[in-house]
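For reference, the chains in residue letters:
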Amino acid sequence: MSIAHNIQQLRSSLPPEVSLLAISKYQPIERLQEAYDAGQRLFGENHIQEMAAKAATLPADIQWHFTGHVQTNKIKYMASFVSLIHAVDSFRLLREIDKHAARHGRVIDCLLQIHIAQEDTKYGFAPDECLHMLATEPWRELQHVRITGLMAMGSNTDDMEQVRGEFRRMKELFDHIRTTHFAHEPSFCQLSEGMTDDYPIAIAEGSTIVRIGSMIFGSR
Ligand SMILES: *Cc1c(COP(=O)(O)O)cnc(C)c1O
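Everything quoted here is computed from the prediction, not taken from an experiment. Sequence order as written defines the numbering, with residues in each chain counted from 1. pLDDT decides what is reported in this predicted model: residues at 70 or higher carry local features, side-chain atom pairs at 80 or more are listed and counted, and totals for whole chains, interfaces and linings draw on all residues regardless. The basis for the side-chain values is all heavy atoms of the structure; hydrogens and waters are excluded.

J.: Please explain the layout of surface pockets as it appears in this structure.
T.: One water molecule sets the probe size; rolling that probe over the atoms shows where empty space is left. Volume-wise, the largest pocket comes out at about 730 Å³. Using protein atoms alone on a 1 Å grid, points that fit a 1.4 Å probe yet trap it form a cavity, whereas open point sets bounded by protein on both sides within 12 Å along at least five of seven lines form a pocket; residues with an atom within 4 Å of a point count as lining. Lining the largest pocket are 32 residues, and of these Lys25, Met153, Gly154, Met195 and Arg211 sit closest to its centre. The way it works is that DSSP assigns letters per residue, a run of H or I at least four long becomes a helix, a run of E at least two long becomes a strand, and they are numbered from the N terminus. Where the lining of the largest pocket is concerned, the elements lending two or more residues are strand S5 (108-114) and strand S8 (209-212). Residue classes in the lining of the largest pocket are distributed as eleven nonpolar, 14 polar and seven charged. Grid points are joined across faces, edges and corners, and a volume is the space filled by probe spheres set on the points. For the second largest pocket, the calculated volume is near 180 Å³. Around the second largest pocket sit Val107, Trp139, Arg140, Leu142, Gln143, Val145, Arg146, Ile147, Phe182, Glu185 and Ser187, which together line it. Under the convention adopted here, Pro, Cys and the residues Ala, Val, Leu, Ile, Met, Phe, Trp and Tyr are nonpolar, Asp, Glu, Lys and Arg are charged, and Gly plus all remaining residues are polar. Taken together, the residues that form the lining of the second largest pocket break down as six nonpolar, two polar and three charged.

Quick look at the structure:
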């Protein structure tokens, strides 16, 4: 199936309020161009320099989301153009992004990554850690980053009830954080969760951005 067909198919199955982020990591420029020609404007990449190289070549109206682990020494390559950073998992990282955004006179939107899956990974806040960070660190003083929501990856399992439970807990955490810290900020509104294998469940449980790679571009 063509990329255009896959995108059309996906779009027709998504509620209008859910954004489709095309995860284009490792895909060559021509395939991103194909998606662009089919109307796709949100692209997500997992390696900062790869994203910067693609952004320099492809049309300027693309919004680039960074969905990978952020290495602080590489923030400088994306600070001038990235539109949303999905995987912020420490106050320290938020402060680093703020510093680079300031140099470009920008405010960079960021999501806090929460670790909910069963897998062991060193990335993402535990829910309690995230609450602790928001309650104790001076993140409100950072003028060049804006926290606009949460991001998570479901467990990599065939047990879809397990995954559903994880997304449900994410929505509870999201609502709790919103009422506790962002009650007067409508910009805190994004819940990034759901990939090729679990996006319908993520949407049913409140996702607002699905991150889809292989269903659009085929296997990597
Ligand atoms: C690769 C990746 C995706 C897309 O995964 P697919 O299963 O190919 O849809 C989504 N989110 C993140 C963070 C990824 O690294």
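J.: What is the right way to read the packing of helix H5 (residues 127-136) against helix H6 (residues 160-181) from this model?
T.: Each pair of packed helices gets described by two things: the angle between the helix axes and the distance between those axes. Contact geometry of H5 with H6 gives a least axis separation of 12 Å together with a crossing angle of 10°. If you check the angle between H5 and H6, you find them roughly parallel. Every residue of H6 that contacts H5 at Pro127, Cys130, Leu131, Leu134 and Ala135 is listed here: Leu173, His176, Ile177 and His181. Broken down by class, the residue content of the contact of H5 with H6 amounts to seven nonpolar, two polar and no charged. The axes are straight lines fitted to the C-alpha atoms, using for helices just the contacting stretch, and the angles between their N-to-C directions are given from 0 to 180°. In what follows, roughly perpendicular refers to angles from 65 to 115 degrees, roughly parallel to angles under 35, roughly antiparallel to angles over 145, and oblique to any angle outside these ranges. Every residue pair with non-hydrogen atoms within 4.5 Å of one another is taken to be in contact.

J.: Looking at this structure, I do not really get unusual backbone geometry. What am I missing?
T.: Generally, phi is negative for residues other than glycine and the peptide bonds are trans, each holding for most cases. The backbone phi angle of Tyr26 is positive, close to 70°, even though this residue is not glycine. A 1.4 Å probe rolled over the protein chains alone gives each residue an accessible area, and that area as a share of the maximum for its type sets the label: buried under 20%, exposed over 50%, partly exposed in between. Here Tyr26 falls in the exposed class, since its relative accessible area comes to 54%.

J.: Mind showing me how you'd approach the site of the ligand here?
T.: Whether a residue is near a molecule or strand depends on its heavy atoms: if one lies within 4 Å, it is near. Near the ligand, the surroundings consist of 13 residues, among which Lys25, Asn46, Thr196, Gly213 and Ser214 are the closest. Pairing of N or O atoms within 3.5 Å defines a polar contact, subject to two protein rules: one partner must be a possible hydrogen donor and the other a possible acceptor, and residues neighboring in sequence count only if both atoms are side-chain atoms. With respect to the ligand, the side chain of Asn46 contributes an N or O atom lying 2.8 Å from an oxygen atom. Between an oxygen atom of the ligand and a main-chain N or O atom of Gly213, the distance comes to 2.8 Å. Computed by Shrake-Rupley with a 1.4 Å probe, the accessible areas treat only the displayed protein chains as cover when residues are assessed. Notes on the ligand: free accessible area 390 Å², of which the protein chains cover 91%. Among the residues forming the shell around the ligand, the class breakdown is five nonpolar, five polar and three charged.

J.: Explanation requested: the packing of aromatic side chains in the structure shown.
T.: Both the distance between ring centres and the angle between the ring planes are used here to describe each pair of aromatic rings. By convention, a stacked pair of Phe, Tyr or Trp rings (six-membered ring in the case of Trp) has centres within 6.5 Å and planes under 30 degrees apart, an edge-to-face pair has planes over 60 apart, and any other such pair is tilted. Tallied over the entire structure, the rule returns four aromatic pairs. A centroid spacing of 5.2 Å and a plane angle of 35° characterise the contact between Trp139 and Phe182, whose relative ring orientation is tilted. Of this pair, Trp139 sits in the loop between H5 and strand S6 (145-152) while Phe182 sits in the loop between H6 and strand S7 (190-192); the two residues are 43 residues apart in sequence, bridging distant segments of the chain. Comparing Trp139 with Phe182 shows no difference in burial state: the two are buried. Look at Phe174 and Phe188: their rings are 5.1 Å apart centre to centre, the planes differ by 20°, and that puts the pair in the stacked class. Here Phe174, found in helix H6, pairs with Phe188, found in the loop between H6 and S7; they are 14 residues apart in sequence, far enough to count as distant. By relative accessible area, Phe188 is classed as buried at 1%.

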